[in-house]
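Listed below, chain by chain, are the residues.
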Amino acid sequence: MPLDTTTLFVAYIICSLTMMGLLMGSYREERPRSVAYWTAWLGMHTLGMLLYAGRGTLPDAVSIILANMCITGGQSFALAAFQTFFARPLRPVLLVLPVALAALIASMFLNTPSARIPLISTLIGGQSLLLALVVLRHRRKADLTSLLVATPFLLNGLLLLGRGGSIGLGLETNYNLLAPSMVQTVSMLLILVTLLASSFGFVLMHRERTEADIKTMALHDPLTGCLNRRSFQFIMDKELARLGRGAAQLSLLLADIDHFKQVNDTYGHAAGDAVLVDLVHKAERVLRNQDFIFRYGGEEFCVLLPRSGRADALAIAERIRQTIETGEVRYAGQRIRYTVSIGCTCSAGTQEDQRERMFLEADRAMYAAKQAGRNQVRHFDDLNENVGRERQTS
């Protein structure tokens, strides 16, 4: 005996209203536009289903034309939610056209369900497939949440296309979605599953993005966008662990902007911030994909060079120095030129204190470059033993 489609319908309405309430309550203070669009999808789709269930009681213009406009409009809101979430432009034609087509088809074939239902089913099914495609196009590797969202829309779209085709070919004559038949039960069940799976998945997508944003803020410098001191400690230890497993050499550069205080005093702190950002951009153009740059503090930056020895470290450091020396920063109509002093060192083993040891060596080499006149590159191995470790004002 087939399941009770009416019970599934009531369950759908209750779940949809509950989900709307949860979304509105959870995002009461600050509701992202994508969540607002998703809530609108739930509301429009639910309204359309309620109007459709009133067939025979409500006028056909309401239970057929308006109902289908609400359902296709709800699908358009779901598309707007995905496009907004993925920071893609909204195309009004993709949002408005389905609603207009639904109104046109329902009006033209109001009394001809054998023609109206296949066309409407194809339209809504196409919208569902488009929703699945949008999510899958932006899916990251091993991203199960996107599959949770996209799969129900994909199955729902295929089912609607199949149902429209079967009615169009005369293979199915029971047009009532709430009729007690296996086809209608499967359809109603899939609508319920689509609501639950896609909504929970959509909430999870927002949660994962929020967690990723928090992680990014914790590991990146907010001004320059490069990795921060905490990231340096973590990645440095990771690379040193690779050395213990037989990896190639590891090199560290420590760069400090020369006379940075004068830049701030002359041009202002905002201009100084622009110089810091410029240094990162110029360095990133020189660095390889395997390399890392970190803002260690103030105007000091660390550059980690995996699988790199003395020759590579000196070559990359010199390219960074020359790129900065020959360039300039344009800020508020002013052209600011600046230079950097860079110290280099290479790993010399896998001692437990290797991170601190390498940083102190790069620090010493960098201040040797300062003592030699600034705007220079020095390697720790080349330092005279008498070079002092006292820092001078930079």
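Residues numbered from 1 in each chain as written. Predicted model: local features only at pLDDT ≥ 70, side-chain atom pairs only at ≥ 80, totals over all residues. Heavy atoms only, no water.

1. Observations concerning the sheet that holds strand β7 (residues 377-379)
Then, number 1: Pairing in this open sheet of five strands is mixed, and the strands run β2-β3-β1-β6-β7 from one edge to the other. Of all the strands in the sheet, just β2 (292-297) and β7 have a single pairing partner and so form its edges. Taken pair by pair, the neighbouring strands of this sheet meet at an average axis angle of 20°, ignoring direction.
Then, number 2: Here helix α10 (residues 269-286) sits on the sheet in contact with β1 (250-257), β2, β3 (300-306) and β6 (340-346), set at roughly 155° to β2. (Pairing = 2+ DSSP bridges. Helix = DSSP H or I, 4+ residues; strand = E, 2+ residues; numbered from the N terminus. Axes fitted to C-alpha atoms, helices over the stretch in contact; angles between N-to-C directions. Contact = heavy atoms within 4.5 Å.)

2. Digging into the layout of surface pockets
Then, number 1: Taken as a whole, the second largest pocket spans an internal volume of roughly 210 Å³.
Then, number 2: Taken together, L79, Q83, R88, P89, R91, L94, L130, L133, V134, R137 and H138 make up the lining of the second largest pocket.
Then, number 3: Listing elements by their share of the lining of the second largest pocket, those giving two or more residues are α3 (60-85) and α5 (113-137).
Then, number 4: Per-element accounting of the lining of the second largest pocket gives the leading share, four residues, to α5. (1 Å grid on protein atoms, 1.4 Å probe; cavity = no way out; pocket = protein on both sides within 12 Å on 5 of 7 lines; lining within 4 Å. Points joined across faces, edges and corners; volume = space filled by probe spheres on them.)

3. Concerning helix α11 (residues 310-325)
Then, number 1: Under the 1.5 Å per step criterion, the end-to-end length of α11 is 22 Å for 16 residues, consistent within 8% with the ideal 22 Å.
Then, number 2: Where α11 is buried, its residues touch β1, α10, β3, β6 and β7. (Expected span 1.5 Å × (residues − 1).)

4. A closer look at the packing of helix α4 (residues 92-108) against α5
Then, number 1: Here α4 crosses α5 at 170°, and the two axes come no closer than 10 Å. By the angle between their axes, α4 is roughly antiparallel relative to α5. Every residue of α5 that contacts α4 at P98, L101, A102, I105 and A106 is listed here: R116, L119, I120, L123 and Q127.
Then, number 2: Considering only residue class, the contact of α4 with α5 consists of eight nonpolar, one polar and one charged. (Parallel < 35°, antiparallel > 145°, perpendicular 65-115°, else oblique. Nonpolar A, V, L, I, M, F, W, Y, C, P; charged D, E, K, R; others polar.)

5. Focus: empty space enclosed by the protein
Then, number 1: One pass over the structure, following the stated rule, counts four cavities of 30 Å³ or more.
Then, number 2: By volume, the largest cavity is sized at about 70 Å³.
Then, number 3: Secondary-structure elements contributing two or more residues to the lining of the largest cavity are α2 (33-53), α6 (144-168) and α7 (182-219).
Then, number 4: The leading source of residues in the lining of the largest cavity is α7, at three residues.
Then, number 5: Its residues assigned to classes, the lining of the largest cavity comprises five nonpolar, four polar and no charged.

6. Considerations on the environment of V277
Then, number 1: With respect to the helices and strands, V277 occurs in helix α10.
Then, number 2: Here the alpha-carbon distance between V277 and L196, two residues 81 residues apart in the chain, equals 45 Å.
Then, number 3: Aside from chain neighbours lying at most four places away, what touches V277 is L223 and T224.

7. Focus on the environment of L131
Then, number 1: With respect to the helices, strands and loops of the structure, L131 is situated in helix α5.
Then, number 2: Contacts of L131, omitting those with residues within four sequence positions, involve Q75, A78, L79, F82 and F153.

8. Things to note about the pattern of salt bridges
Then, number 1: The tally for this structure, following the rule as stated, stands at 17 salt bridges.
Then, number 2: For the salt bridge of R295 with D221, the shortest nitrogen-to-oxygen distance reads 3.3 Å. Placement of R295 in strand β2 and of D221 in the loop between α7 and α8 (229-244) is noted, with a sequence separation of 74 residues between them.
Then, number 3: Taking the shortest distance from any N to any O, the salt bridge between R242 and E239 comes out at 3.2 Å. In this pair, R242 and E239 are both assigned in helix α8, three residues apart and thus about one turn of the helix distant.
Then, number 4: A relative accessible area of 27% places R242 in the partly exposed class.
Then, number 5: Exposure remark for E239: the relative accessible area of 10% places this residue in the buried category. (Salt bridge = Lys/Arg side-chain N within 4 Å of Asp/Glu carboxyl O. Buried < 20%, exposed > 50% of the residue type's maximum accessible area, 1.4 Å probe, protein only.)

9. Some words on the nonpolar core
Then, number 1: Ranked by internal contacts, the top residues of the largest apolar core, which has 41 residues, are Y12, W38, L42, F82 and F153.
Then, number 2: Listing elements by their share of this core, those giving two or more residues are α1 (5-26), α2, α3, α4, α5, α6 and α7.
Then, number 3: Grouped together as the second largest cluster of nonpolar side chains are 31 residues, A271, V275, A313 and Y338 included. (Core = buried A, V, L, I, M, F, W, Y, C linked by side-chain atoms within 4.5 Å.)

10. So, the state of the cysteines
Then, number 1: Under the definition given, this model contains zero disulfides.
Then, number 2: C226 provides the cysteine sulfur closest to C302, a residue in no disulfide bond, and the two sulfurs are 9.9 Å apart. (Disulfide = S-S within 2.5 Å.)

The values are spatial; any link to function lies outside them.
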